[in-house]
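Chain by chain, the residues:
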Amino acid sequence: MKKLLALLLVGAMSLSLVACGGNTNQTVAEDTSVAAPSEAESEAASTDSAAVEDIAADITLWTYPVGNWGDAASVEALIAGFNEVYPNINVTVELLDYTNGDDQVNTAIEGGQAPDLIFEGPERLVANWGAKGLLVDLTDIWSTDVSASIYDAIESACKGTDGKYYEYPVCMTAHTMAINYDLFKAADALQYIDEETHTWTTEDFQKAVEAVVAYGHDNVGAVFCAGQGGDQGTRALVNNLYGGTFTNAAHTEYTANSAENVKALELLKSMKGINFDPSIVGGDEIALFCNGTLGMAFCWNVAQEKANADAVDFDIFPMAFPSDGTPKLQGGIWGFGVFDNGDANRIDASKAFIKYITQTDDVYSEAVKTSTYWPVRDVAGIYDGDDLMTEYGMFMQYMGDYYQVTAGWAEARTAWWNMLQKVGAGTDVTTAVEEFVTTANAAATAAQ
């Protein structure tokens, strides 16, 4: 029987992640070689392997930088294993970033040169390109036995409102924030966090920021808003402070104009040490946190700690966002979509690649570890011996609603950072938030 995500959090996660221990300096993809699958595994990789192995096709894979899926050597190692089974399918890789990756993809679409495969999340694959009819329905891959074990909440996010599956998932995570532990200790601000659960209340968040400012560190946190990069952090910050929501439960309407969110934005605007900064995005905030300029980061997850650990000279302590109840963290889901380029042969080759990566056990584990995140189905022992993944694994229990599949998502993201800029510049919070909701809901209506 398929497990709900909640069961993963209290059961499978505790067995496969929390019980781990070992070297915190271990990198996720130390061994980038991928062993050729056994005969049985090769059969599991495709329900029609005999026919697929005869396909001769040149396909392209464009991947956003999800952990080491943004590293050419790591991706090529997975492709090398694929070619052991499917030697006649040539896969060319294009690495994207979050600064101009969307522009590259959209330009390619407009020019009739869209990639065959793309690796990203439901907000792009399902709510954007899938909703526009640009992607192939992957229902046939979802019909396999392996797919039946994918967590329900993940499956739901990969399905469009038309009932078609536009994404086949590989990995997931819960985005967090982080504090400079050494700075908080020196400022006597550790008293305001629960170090065991990595949580804090909204009141204690305020007290901690006040303590760090009193210690002489004025730049405690930045509400970055130069663009959409890392905006999962600012959304989670605002929504968690007083229990607000970004959309309704049905993902048909944007609700960021709630009294709770208005109160949260007014609090942030009033706090000394929290600055609205229209000159930076999430990546810039991470750099400022890692060099000690900022005392906390709102754009954070385990991949960031792995990427920056050697360059940081203080102890990084990951935290859930401050909340007066149970924190609800913004989740991340990543997987494959297939653009419909009108070539059935290339589509079949692309599906063969997805099946090989996601439904061959050893290869799937390697693909997940390459992401530096967690599997979307129960895979025991995948991070045995990794203390850092154990520490961050505890945040999975706080994953909130995956609302990024709401129609009009691309326009809503732009409207969000524009709204933050206006609040930072002095616009009345209620006025700015109402304008955001009007813009976002108009986009949602137009897209439905």
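For the structure, check the block above.
Just so it is clear, the structure is predicted and the values come from calculations on it, not from any experiment. (Residues numbered from 1 in each chain as written. Predicted model: local features only at pLDDT ≥ 70, side-chain atom pairs only at ≥ 80, totals over all residues. Heavy atoms only, no water.)

(A) A look at the packing of helix α15 (residues 344-359) against helix α16 (residues 361-371). Where α15 meets α16, the closest approach of the two axes is 5 Å, and the angle between their N-to-C directions is 85°. With respect to their mutual orientation, α15 and α16 come out roughly perpendicular. Each of Tyr 356, Ile 357, Thr 358 and Gln 359 in α15 lies in contact with α16, whose residues at this interface are Asp 361, Val 363, Tyr 364 and Ala 367. Considering only residue class, the contact of α15 with α16 consists of five nonpolar, two polar and one charged. (Axes fitted to C-alpha atoms, helices over the stretch in contact; angles between N-to-C directions. Helix = DSSP H or I, 4+ residues; strand = E, 2+ residues; numbered from the N terminus. Parallel < 35°, antiparallel > 145°, perpendicular 65-115°, else oblique. Contact = heavy atoms within 4.5 Å. Nonpolar A, V, L, I, M, F, W, Y, C, P; charged D, E, K, R; others polar.)

(B) Highlighting the nonpolar core. Core analysis: the biggest nonpolar cluster contains 136 residues, and Trp 200, Met 296 and Phe 336 have the highest contact counts within it. For this core, the element with the highest residue contribution is helix α18 (residues 409-424), accounting for eight residues. (Core = buried A, V, L, I, M, F, W, Y, C linked by side-chain atoms within 4.5 Å. Buried < 20%, exposed > 50% of the residue type's maximum accessible area, 1.4 Å probe, protein only.)

(C) Summary view of the sheet that holds strand β5 (residues 176-180). Spatial strand order, β8-β5-β9: three strands in an open sheet with antiparallel pairing. Each edge of the open sheet carries a strand with a single partner, namely β8 (296-300) and β9 (316-319). If you compare each strand with its neighbour and ignore which way they point, the axes differ by 30° on average. In this structure, β5 lies alongside β8, joined through three bridges in antiparallel fashion. Across the sheet, residue Ile 179 finds its bridge partner in β8, namely Met 296. (Pairing = 2+ DSSP bridges.)

(D) Representation of unusual backbone geometry within the structure. Unusually for a residue other than glycine, Asp 188 sits at a positive phi of about 60°. Mapped onto the fold, Asp 188 is located in the loop between α9 (181-186) and α10 (202-215). One non-glycine residue, His 198, adopts positive backbone phi at about 60°. In this structure, His 198 sits in the loop between α9 and α10.

(E) Quick look at the sheet that holds strand β3 (residues 117-120). Strand order across the open sheet formed by six strands is β2-β1-β3-β10-β4-β11, with mixed pairing between neighbours. Of all the strands in the sheet, the pair left with one neighbour each is β2 (89-95) and β11 (374-375). Note: β3 against strand β10 (residues 331-338), four bridges, orientation antiparallel. Each residue of the ladder has a partner; that of Phe 119, found in β10, is Phe 336. Against the sheet, helix α6 (residues 122-130) engages β3 and β10, with an angle of about 120° to β3. Each of β4 (168-174) and β11 touches α16; the most contacted strand, β4, lies at about 40° to it.

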